Amino acid sequence: MMAAWNNKHAAIIITLLAFLAPMACHGGGLINFTILCSGGWVRPITVISLPPLVTITIGCPNGSSETPITASPNEPAPPSGAGLYLDYYNSSYSNYACPDAESIVRKVVEKEIAYQGRGIGAGLIRLHFHDCFVEGCDGSVLLNTTASGNNDTEREGAPNKNSLRGFDVIDQAKAALESACPSAVSCADILAFAARDAARNLSSGKINYMIPAGRWDGRESFANQTGTLPGPFSNLDTLVAKFAAQSLNRADLVLLSAAHSIGRARCIFISSRPGMNQTLVKDLNGKCQSNPSVNQDYKTPDDLDSQYYQNVVDNDALFDSDAALTSSPDTNALVDTYRTNLMNKWEKDFGEAMVKMGKINTKTKGDKGVEIRKQCWTYNAPPNY
């Protein structure tokens with residue numbers, strides 16, 4: 001009986017959040033959800049009239065789920081990744097600071113995927129993405145205490161709160177590295193290594209790329225900066241603009257979106273677009289009656305693979321942002337290329353896109369306000385800094 005009560009009230013809370021967030025986007029309500037509107041994190045909802053007492057306008061400006069963002073027609077220059085090098089911790093670039101760093105991280109990741117399940121691997125990939133898209137790949141998503149004393153960190157931002165996974169895995173890897181080579185390996189690099197190793201594991205070894213390292217960790221993190229993350233209700237223009245702001249192009253957008261081929265999606269973010277496969281919609285609605293989340297890929301839910309693109313073509317993708325990839329000729333052509341996936345082209349290109357993403361606004365030794373944290377969840381207090 002208690003389980004039934006919890007499920008019922010959880011559904012009520014989720015419904016209220018879905019109602020209040022769009023209303024607040026338009027300026028109503030007690031909570032400011034502007035950050036969600038600008039990123040496609042709120043479902044499009046129309047005007048509801050309740051005559052004769054009150055009329056409530058629900059939804060973001062212009063009747064859209066997001067504030068319009070104009071994408072540049074030009075391809076952005078890729079992130080430079082200056083100061084990052086392959087095999088960094090076993091080379092002269094780091095003075096051979098920790099030769100076994102990458103293998104130590106890999107052992108932890110593989111152990112935890114075997115123990116916790118493949119979903120934790122999906123969580124590690126997402127954690128790296130959410131780190132890099134907010135102030136660059138500096139490990140700031142891991143912080144819950146900062147040098148300025150701010151506790152309202154990225155972890156508390158609306159796109160992240162109660163949805164990110166993998167912090168425990170990163171902490172385990174950091175502890176193992178501190179034992180082997182104290183104060184040598186940054187949390188930002190651990191995130192990049194862990195995401196790479198998770199992708200390798202979840203693709204049965206088909207995704208296997210080398211990633212340059214040498215990142216240092218930031219000391220600040222702010223929830224109000226998480227609006228740079230693309231949301232599940234984003235249209236293509238918004239997606240392209242948000243990726244371009246990180247020096248990533250349309251191909252990177254199409255490639256990295258396929259991370260949605262594994263892991264789970266919260267029910268409040270599932271698309272309600274008219275063209276979606278109605279058999280799937282019915283099945284999802286049934287599952288969401290008793291669960292807050294569902295598998296993102298209902299055909300190969302435990303594999304990081306190119307099935308995602310077939311789902312997009314078949315209108316089986318769960319997010320509006322996934323379906324949006326077919327709304328322009330260039331992105332649609334890429335979807336079709338990776339759907340056929342001749343000679344495992346998607347796995348190779350996905351790895352290259354992950355390397356590019358890992359170079360976004362990196363901080364390295366000598367930059368202002370950086371360090372190699374001894375614990376990934378907090379900054380180093382003086383005199384360590």
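Look above for the structure.
The rules we used
- Residues numbered from 1 in each chain as written.
- Predicted model: local features only at pLDDT ≥ 70, side-chain atom pairs only at ≥ 80, totals over all residues.
- Heavy atoms only, no water.
- Helix = DSSP H or I, 4+ residues; strand = E, 2+ residues; numbered from the N terminus.
- Contact = heavy atoms within 4.5 Å.
- Areas by Shrake-Rupley, 256 points an atom, 1.4 Å probe, with all protein chains shown as cover.
- Disulfide = S-S within 2.5 Å.
- Buried < 20%, exposed > 50% of the residue type's maximum accessible area, 1.4 Å probe, protein only.
- Expected span 1.5 Å × (residues − 1).
- Phe/Tyr/Trp six-rings, centres within 6.5 Å; stacked < 30°, edge-to-face > 60°.
- Polar contact = N/O pair within 3.5 Å; in protein donor to acceptor, adjacent residues only side chain to side chain.
- 1 Å grid on protein atoms, 1.4 Å probe; cavity = no way out; pocket = protein on both sides within 12 Å on 5 of 7 lines; lining within 4 Å.
- Points joined across faces, edges and corners; volume = space filled by probe spheres on them.
- Axes fitted to C-alpha atoms, helices over the stretch in contact; angles between N-to-C directions.
- Parallel < 35°, antiparallel > 145°, perpendicular 65-115°, else oblique.
- Left-handed = near helix turned anticlockwise from the far one by under 90°.
- Nonpolar A, V, L, I, M, F, W, Y, C, P; charged D, E, K, R; others polar.

(A) The arrangement of the overall build of the protein in detail. When you go through the protein residue by residue, the secondary structure sums to 13 helices and six strands. A fraction of 77% describes how many contacts in the protein between residues 6 or more apart in sequence connect residues 24 or more apart. For the protein, the computed accessible surface area is about 17500 Å², with 55% contributed by carbon and sulfur atoms.

(B) Highlighting the state of the cysteines. This model, assessed by the stated rule, comprises four disulfides. Between the sulfur of cysteine 187 and that of cysteine 376 lies a disulfide, 2.1 Å long from S to S. Judged by the sign of its S-S torsion, about -95°, the bond between cysteine 187 and cysteine 376 is left-handed. Taken together, the residues cysteine 187 in helix H6 (residues 187–202) and cysteine 376 in the segment after strand E6 (370–371) connect sequence positions 189 residues apart. A residue is classified by how much of its surface remains accessible, and cysteine 376, at 2% relative accessible area, is buried. For cysteine 267, the disulfide goes to cysteine 288, at an S-S distance of 2.1 Å.

(C) Spatial organisation of helix H13 (residues 345–357). Look at H13: 18 Å from first C-alpha to last across 13 residues, which is about the 18 Å you get at 1.5 Å a residue. The set of residues buried in H13 consists of Trp346, Glu347, Asp349, Phe350, Gly351, Ala353, Met354, Val355 and Met357. The elements touched by buried residues of H13 are helix H4 (118–132), H6, helix H8 (250–257), helix H10 (307–313) and helix H12 (329–340).

(D) Quick look at unusual backbone geometry. In this structure, serine 247 is a non-glycine residue whose phi angle is positive, near 65°. Even without glycine at this site, asparagine 315 takes up a positive phi of about 65°.

(E) Representation of helix H5 (residues 167–180). Over its 14 residues, H5 runs 20 Å from end to end, which matches the ideal 20 Å to within 8%, given 1.5 Å per residue. Along H5, the residues that are buried comprise Phe167, Val169, Ile170, Ala173, Lys174, Leu177 and Glu178. Elements that come into contact with the buried residues of H5 comprise helix H3 (101–116), H4 and H6.

(F) Looking closely at the environment of aspartate 330. For aspartate 330, the location among the structural elements is in helix H12. Look at aspartate 330 and you get partly exposed, because its relative accessible area is 35%. Here the alpha-carbon distance between aspartate 330 and arginine 250, two residues 80 residues apart in the chain, equals 8.3 Å.

(G) Spatial organisation of the packing of aromatic side chains. This structure, assessed with the given rule, holds eleven aromatic pairs. When the ring of phenylalanine 133 is compared with that of phenylalanine 243, the centres are 5.0 Å apart and the planes differ by 65°; the resulting orientation is edge-to-face. On the criterion of sequence distance, the pair formed by phenylalanine 133 in the loop between H4 and H5 and phenylalanine 243 in helix H7 (residues 236–244) is long-range, its members being 110 residues apart. Phenylalanine 243 matches phenylalanine 133 in its accessibility class, with the two residues each being buried. The interplanar angle of 70° and the centroid separation of 6.4 Å between the aromatic rings of tyrosine 309 and tryptophan 346 together place this pair among those described as edge-to-face. With tyrosine 309 in helix H10 and tryptophan 346 in helix H13, the pair connects residues that are 37 residues apart, well separated along the chain. For tryptophan 346, a relative accessible area of 0% corresponds to the buried category. Taken together, the ring pairs connect Tyr308, Tyr309, Tyr338, Trp346 and Phe350 into an aromatic cluster.

(H) Examining the environment of arginine 155 more closely. For arginine 155, the position within the fold is in the loop between H4 and H5. Between the C-alpha atoms of arginine 155 and leucine 143, which are twelve residues apart in sequence, the distance is 7.4 Å. A polar side-chain atom of arginine 155 sits 2.8 Å from the main-chain carbonyl oxygen of leucine 142.

(I) Spotlight on empty space enclosed by the protein. Per the stated rule, a full pass over the model turns up one cavity of 30 Å³ or more. Computed from the structure, the largest cavity encloses a volume of approximately 60 Å³. Considering the residues around the largest cavity, the lining is formed by His260, Ser261, Gln296, Asp297, Tyr308, Asn311, Asp316, Ala317, Leu318, Phe319 and Asp322.

(J) Representation of the environment of tryptophan 346 within the structure. In the structure, tryptophan 346 is positioned 40 residues away from serine 306 in sequence and 6.7 Å away in space, judged by C-alpha atoms. Beyond its immediate stretch of four places on either side in the chain, tryptophan 346 contacts Ile207, Leu255, Ala258, Leu304, Asp305, Ser306, Tyr309, Tyr338 and Asn341.

(K) Highlighting the packing of H5 against H6. Where H5 contacts H6, the two axes come as close as 10 Å, and the packing angle between them is 120°. Regarding the angle of H5 to H6, the classification is oblique. Of the two possible hands of crossing, H5 and H6 adopt the one that is right-handed. Mapping the contact onto sequence places Ile170, Ala173, Lys174 and Leu177 in H5 and Cys187, Ile190, Leu191 and Ala194 in H6. Class assignment for the residues of the contact of H5 with H6 results in seven nonpolar, no polar and one charged.

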